Amino acid sequence: MPATTLDTTTALVLIDLQKGIAALPGAPVPSKEVVERGARLATAFRARGLPVVLVNVAGGAPGRTQTARPAGSPPADWAELVPELDRQPGDILVTKQQWGAFHGTNLDLELRRRGVTQVVLAGIATSIGVESTARAAHEHGYHVTLATDAMTDLDADAHRNSLEKIFPRLGETDTTEAILELLG
């Protein structure tokens with residue numbers, strides 16, 4: 001469903017646009033394009049005095065999985081936000097240890113303190129960090145809008161599944177341009 005409206009107090013939440021993740025090849029959208037679109041959204045939200053949340057991941061949830069975790073330590077700058085986001089003093093920084101930006105962080109508190117009722121989500125990876133955050137935002141009662149061309153995955157099929165099967169059940173989806181038009 002195309003995005004119909006943005007609430008007066010809508011926050012932009014950019015997921016894992018950090019050096020170590022943005023350097024990976026995105027599928028089907030190149031990671032570079034996701035970063036560019038995320039930066040455009042951030043600039044527009046800031047210009048309207050709306051909250052911008054920059055999320056990075058600096059760890060992983062414990063527990064056994066069938067998929068092997070990367071061996072060794074990531075590079076020192078792996079979790080640093082990409083400079084294209086032009087982090088500003090008023091931005092909210094959330095560092096997470098799990099896939100989603102709500103679990104184990106102060107994101108919900110930060111949003112509620114600002115009267116936020118809606119979130120626009122974008123980032124990498126669609127089926128992991130973005131989807132987990134969208135699910136939690138929906139469960140917390142936020143209106144959810146997903147900027148579909150400002151997200152990508154490491155797996156094009158997983159990306160497509162999130163866009164076609166999951167996101168329509170969690171909120172509205174639309175392009176960066178359409179969301180910018182709604183911002184006015």
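Residues numbered from 1 in each chain as written. Predicted model: local features only at pLDDT ≥ 70, side-chain atom pairs only at ≥ 80, totals over all residues. Heavy atoms only, no water.

Peer 1: What should I look at first to understand the side chain of Thr 152 in this one?
Peer 2: Assignment of secondary structure puts Thr 152 in strand 5 (residues 143-152). Note on Thr 152: relative accessible area 0%, which makes it buried. (Helix = DSSP H or I, 4+ residues; strand = E, 2+ residues; numbered from the N terminus. Buried < 20%, exposed > 50% of the residue type's maximum accessible area, 1.4 Å probe, protein only.)

Peer 1: Any chance you could explain the environment of Phe 167 here in plain terms?
Peer 2: Locating Phe 167 in the fold gives a position in helix 5 (residues 156-170). Separated by 122 residues in the primary sequence, Phe 167 and Phe 45 place their C-alpha atoms 22 Å from one another. Once you skip the residues sitting within four places of it in the chain, Phe 167 turns out to touch Thr 126, Val 130, Glu 131, Ala 134, Leu 146, Met 151, Ser 162 and Thr 173. (Contact = heavy atoms within 4.5 Å.)

Peer 1: Explain the pairing of strand 4 (residues 118-124) to me, please; I cannot follow it from the model alone.
Peer 2: Looking down a regular strand, the side chains alternate between one sheet face and the other. Counted residue by residue, strand 4 has seven buried out of seven residues, so it is predominantly covered. Here strand 4 shows no split at all, with Gln 118, Val 120, Ala 122 and Ile 124 on one side and Val 119, Leu 121 and Gly 123 on the other all buried. Strand direction decides the pairing type here: strand 1 (residues 10-15) and strand 4, joined by six bridges, are parallel. Its bridge partner being in strand 4, Ile 15 is matched across the sheet by Gly 123. With six bridges connecting them, strand 4 and strand 5 associate as parallel partners. In the sheet register, Val 120 faces strand 5, and the bridge partner there is Thr 145. As a crossover connection, the stretch from strand 4 through helix 4 (residues 126-139) into strand 5 is right-handed. (Pairing = 2+ DSSP bridges. Right-handed = clockwise from strand over helix to strand, strands pointing away.)

Peer 1: Is there a simple way to think about the pattern of salt bridges in this case?
Peer 2: Side chains carrying opposite charge are able to pair once their charged atoms draw close together. In this structure the tally under the stated criterion is ten salt bridges. Glu 80 is the salt-bridge partner of Lys 19, the closest N and O atoms lying 3.0 Å from each other. With a gap of 61 residues between them, Lys 19 in helix 1 (residues 19-22) and Glu 80 in the loop between strand 2 (52-57) and strand 3 (92-96) connect regions that are remote in the sequence. By relative accessible area, Glu 80 is classed as partly exposed at 39%. When the shortest N-O distance is used, the salt bridge between Asp 149 and Arg 37 registers 3.6 Å. Here Asp 149 is found in strand 5, whereas its partner Arg 37 is found in helix 2 (residues 31-47), with 112 residues between them in sequence. (Salt bridge = Lys/Arg side-chain N within 4 Å of Asp/Glu carboxyl O.)

Peer 1: Help me understand unusual backbone geometry in this model?
Peer 2: Trans is the prevailing form of peptide bonds, just as negative phi is the prevailing case for residues other than glycine. Cis geometry is adopted by the peptide bond preceding Pro 28, which originates at Ala 27 and carries an omega value of 5°. Inspection of the secondary structure puts Pro 28 in the loop between helix 1 and helix 2. In this chain, Ile 124 is followed by Ala 125 through a cis amide linkage whose omega measures 5°. Mapped onto the fold, Ala 125 is located in the loop between strand 4 and helix 4. Notably, Asp 16 is not glycine yet its phi reads approximately 55°, a positive angle. Its location among the elements puts Asp 16 in the loop between strand 1 and helix 1.

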